[in-house]
Amino acid sequence: MFKLNNEHVNNSDTTLKPKSELKAYEKQFWNNLLNISIVLVMCGLLFYAVSYQLFKPRTDAGKYQCYALVFWQGSHAVHVLPSEQCSFLKKNFSPASIIVGMKSGGVPTRIIDLAESQNTSGSFRNLPYEYPLLSIIPFSLGLIAPTAWYQVAFAIWMLLLAALIFFVLSKTRSTSAAIAFAFYLVIVNWGDAAARFDLVPAALILGSVLLAARTKWKWAFALLALATMFKFFPVMLVIPFLIAQQKQYSEKWYSWHRWSALGVYCGICVVVTLLSLSLNIVDTINPFLYFFNRPIQVESVPATILWIGTFWGFPIKIIQSYGSVNILSALTQTVSLLSSLCLVVGLLYTFWLQWRGKLDIYTASLLIILIIIITGKVFSPQYLMWIAPLLAFVGKANWKWLITWGIIGLLTTWIYPNMYDSVPLKYVPLLPAFYPVVLVRDLLIFGFIVALLYQATRKRFVVTK
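Being a predicted model, the structure only gives us computed values, none of them experimental.

Chemist: Describe the side chain of serine 174, naming the residues involved and giving the relevant values.
Modeler: Following the sequence through the fold, serine 174 ends up in the loop between α7 (150-172) and α8 (175-188). Given the relative accessible area of 18%, serine 174 is considered buried. At 2.8 Å, the side chain of serine 174 and the side chain of serine 176 are in polar contact. Separated by 3.2 Å, the side chain of serine 174 and the backbone nitrogen of alanine 177 make a polar contact. Apart from the residues within four sequence positions on either side, serine 174 is in contact with Leu169 and Lys396.

Chemist: So what about the side chain of glutamine 53? Which residues, and what values?
Modeler: Within the fold, glutamine 53 resides in the loop between α1 (2-50) and α2 (60-73). Residue classification places glutamine 53 among the buried positions, given a relative accessible area of 8%. In contact with glutamine 53, not counting residues within four places along its chain, are Thr59, Gln151, Gly191, Ala195 and Tyr416.

Chemist: Explain the nonpolar core residue by residue, including any values.
Modeler: Ranked by internal contacts, the top residues of the largest apolar core, which has 117 residues, are Leu185, Phe241 and Trp405. Residues contacting leucine 185, with those up to four places away along its chain left out, are Met42, Leu46, Ala162, Trp190, Ala193, Leu199, Met385 and Ala388. Core analysis: the next-biggest nonpolar cluster, separate from the first, contains 18 residues, Trp307, Ile415, Tyr420 and Phe434 among them.

Chemist: An account of the sheet that holds strand β1 (residues 296-297) is needed here, citing residue identities and associated values.
Modeler: By way of backbone hydrogen bonds, the strands of a sheet pair with one another, either parallel or antiparallel. In spatial order, the strands read β1-β3-β2; together these 3 strands make up an open sheet with antiparallel pairing. The open sheet has two edge strands, β1 and β2 (316-321), and neither has a second partner. Taken together, the 6 bridges between β2 and strand β3 (residues 324-329) define a ladder with antiparallel strand orientation. Residue pairing in the sheet places isoleucine 318 in a bridge with isoleucine 327 of β3.

Chemist: Break down a nonpolar patch on the surface for me, citing the residues and quoting the values.
Modeler: A surface patch of nonpolar side chains, about 410 Å² in accessible area, is lined by Ile144, Ile156, Trp157 and Leu160. Examined against the element boundaries, isoleucine 156 turns out to sit in helix α7.

Chemist: With reference to specific residues and values, describe the pattern of salt bridges.
Modeler: Following the criterion strictly, the structure yields 5 salt bridges and no others. The shortest N-O distance in the salt bridge between glutamate 299 and arginine 441 comes to 3.3 Å. One end of the pair, glutamate 299, is in the loop between β1 and α14 (301-309); the other, arginine 441, is in helix α19 (residues 434-458), and 142 residues separate them in sequence. As far as burial versus exposure is concerned, glutamate 299 and arginine 441 are alike and both buried. One salt bridge connects aspartate 442 with arginine 441, and the closest N-O pair in it is separated by 2.9 Å. Of the two residues examined, aspartate 442 and arginine 441, each falls in the buried class. When salt bridges that share partners are traced, they join Glu299, Arg441 and Asp442 into one network.

Chemist: Help me get a handle on the environment of tyrosine 420, residues and values and all.
Modeler: Mapped onto the elements, tyrosine 420 comes out in helix α18 (residues 399-422). Separated by 14 residues in the primary sequence, tyrosine 420 and phenylalanine 434 place their C-alpha atoms 9.8 Å from one another. Residues in contact with tyrosine 420, not counting those within four places in the same chain, are Gln297, Val298, Glu299, Ile415, Leu425, Val428 and Phe434.

Chemist: Lay out empty space enclosed by the protein in plain terms, naming residues and giving numbers.
Modeler: Using a probe with the size of a water molecule, rolled over the atoms, empty space left in the structure can be pinpointed. Per the counting criterion, the structure on display carries 1 cavity of 30 Å³ or more. Considered as a void within the structure, the largest cavity measures approximately 30 Å³ in volume. Around the largest cavity, the lining residues are Tyr184, Val188, Asn189, Leu384, Ile387, Ala388, Leu391 and Trp405. Going through the elements one at a time, α8 and α17 (388-395) are the ones with two or more residues in the lining of the largest cavity. Residues of the lining of the largest cavity, tallied by class, amount to 7 nonpolar, 1 polar and no charged.

Chemist: Which residues make up the packing of helix α11 (residues 238-246) against helix α16 (residues 361-375), and what values do they have?
Modeler: Running from amino to carboxyl end, α11 crosses α16 at an angle of 160°, the nearest separation of the two axes being 9 Å. On the basis of their axis angle, the class for α11 and α16 is roughly antiparallel. Crossing hand, α11 versus α16: right-handed. Taking contact as the criterion, the partners of Pro240, Phe241 and Ala244 in α11 are, on α16, Ile361, Ala364, Ser365 and Ile368.

Chemist: Can you explain unusual backbone geometry? Please cite residues and give values.
Modeler: Cis peptide bonds are those with omega within 30 degrees of zero, and the linkage from tyrosine 416 to proline 417 qualifies with 15°. On the secondary structure map, proline 417 appears in helix α18. A positive phi angle is found at threonine 215, which is not glycine, with a value near 60°. In this fold, threonine 215 is placed in the loop between α9 (199-213) and α10 (217-230).

Chemist: Tell me what's going on with helix α15 (residues 332-355), and back it up with residues and numbers.
Modeler: Over its 24 residues, α15 runs 35 Å from end to end, which matches the ideal 34 Å to within 8%, given 1.5 Å per residue. Within the sequence span of α15, burial applies to Thr332, Val335, Ser339, Gly346, Leu347, Thr350, Phe351, Leu353 and Gln354. Packed against the buried residues of α15 are α11, β1, α14, β3, α16 and α19.

Chemist: Give a description of the packing of aromatic side chains that names residues and reports values.
Modeler: Counted under the stated rule, the structure contains 37 aromatic pairs. A centroid spacing of 4.6 Å and a plane angle of 20° characterise the contact between phenylalanine 232 and phenylalanine 288, whose relative ring orientation is stacked. You can see phenylalanine 232 sitting in the loop between α10 and α11 and its partner phenylalanine 288 sitting in helix α13 (residues 281-293), a full 56 residues away along the chain. Taking the relative accessible area as the measure of exposure, phenylalanine 288 reaches 40% and is therefore partly exposed. Taken together, a centroid distance of 4.4 Å and an interplanar angle of 25° make the contact between tyrosine 383 and tryptophan 386 stacked. For the pair tyrosine 383 and tryptophan 386, one class covers both residues: buried. Following the ring pairs from residue to residue traces out a cluster consisting of Tyr64, Tyr67, Phe88, Tyr129, Tyr131, Phe139, Tyr150, Phe154, Phe197, Tyr290 and Tyr322. The ring of phenylalanine 88 carries the charged tip of lysine 63 above its face, separated from the ring centre by 5.3 Å. Here the guanidinium or amino end of arginine 173 rests over the ring plane of phenylalanine 393, the centre of that ring lying 4.6 Å away.

About the criteria used
- Residues numbered from 1 in each chain as written.
- Predicted model: local features only at pLDDT ≥ 70, side-chain atom pairs only at ≥ 80, totals over all residues.
- Heavy atoms only, no water.
- Helix = DSSP H or I, 4+ residues; strand = E, 2+ residues; numbered from the N terminus.
- Buried < 20%, exposed > 50% of the residue type's maximum accessible area, 1.4 Å probe, protein only.
- Polar contact = N/O pair within 3.5 Å; in protein donor to acceptor, adjacent residues only side chain to side chain.
- Contact = heavy atoms within 4.5 Å.
- Core = buried A, V, L, I, M, F, W, Y, C linked by side-chain atoms within 4.5 Å.
- Pairing = 2+ DSSP bridges.
- Patch = residues over 30% accessible without salt bridge, like charges linked within 9 Å, V, L, I, M, F, W, Y side chains within 5 Å.
- Areas by Shrake-Rupley, 256 points an atom, 1.4 Å probe, with all protein chains shown as cover.
- Salt bridge = Lys/Arg side-chain N within 4 Å of Asp/Glu carboxyl O.
- 1 Å grid on protein atoms, 1.4 Å probe; cavity = no way out; pocket = protein on both sides within 12 Å on 5 of 7 lines; lining within 4 Å.
- Points joined across faces, edges and corners; volume = space filled by probe spheres on them.
- Nonpolar A, V, L, I, M, F, W, Y, C, P; charged D, E, K, R; others polar.
- Axes fitted to C-alpha atoms, helices over the stretch in contact; angles between N-to-C directions.
- Parallel < 35°, antiparallel > 145°, perpendicular 65-115°, else oblique.
- Left-handed = near helix turned anticlockwise from the far one by under 90°.
- Expected span 1.5 Å × (residues − 1).
- Phe/Tyr/Trp six-rings, centres within 6.5 Å; stacked < 30°, edge-to-face > 60°.
- Lys NZ or Arg CZ within 6 Å of the ring centre and 35° of its normal.

These figures come from the coordinates and say nothing about function on their own.
Printed below as a string of structure tokens:
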């Protein structure tokens, strides 16, 4: 009897198992179908958002095409493009002035002689004057298409990367996090997600943070180094990575095991920088000078403070330089110093909270990038792409986050591309609605940062055994 009953149970298990598997496959099928549908809608909307500019010469992607052509084929290669498309290369960049600055700055004569002797007319010699060497990689992706279709190909590559980030979030976090990412990208970065390469460092930062959370430190620091060599700002994430890593180790502070991952980061950065210097010393230095010499850009928080200063008798002057619209005032130095102080204080406080165990690596990284954005002298809408994956990962489907960033996104889209397309570029800050909209947008981002820091401050420290 016992034997018969046992067989009956086993038979019952074998008949039930296929049904449970079938339900699991069915659930997986519908989940995959949902994800694919959302990705297609996301990519379709983002492509539509930039479709009006894909064949115009004076666009950001058009600049990328100029950079890629002169790098691979030499300065003469731009003759295949409209004359106005690459005119910025001569207008905004003077190698001679940089060499003069090197001489006055006391740079050794041998380095100056080497810089002057480097031939910049041939292939592999002209680097982007705004970005590090590795930015040539995404810039070159569009070259697989015919010349006139470069911007279309570039947009497709960026949309494929957005889809990849979506599926990574879906697998590593949840479907709700992936959907939140699609929401943020469409609402916040409507006009530039498919037209700029900022999704590249954003994807690398997400990958590095995911690896760091899984204690794969060498790979995490390697991806972070690559992100830094695409755009310099990820260098600030080295400290939260180190804090998270060092808290896991019990070895003595001078143990190589504690610092080997940082060695990987430094090694990659040094190798890429040396390669860049060997190709063109002046072009390697210029991105740093380009950033430090830029005036305050009109959408930044310091610019908003300068605008408020006009009500107290401090007039502003609008100028167009460095490929953007900028602002000058008698308060410029004071406001710049104040914003730098806020940057330092905000970063130090975030580091302290993480060291106290009140912030995880995800939230700490998100806060650091937000603080960099809100205190910087340049605010471009594409900067918000840097945080989109982390926003989705940390907040998932939190309705407060979705509403807050939905409003921020709508305000940002109102500014760019709507306001920017309504009048000539230099008149955009003179629109009556411009600075009130910028002020509300910046206040919402600032309030979001303060709320995260406040929640972390009130969080009890939990000692894990």
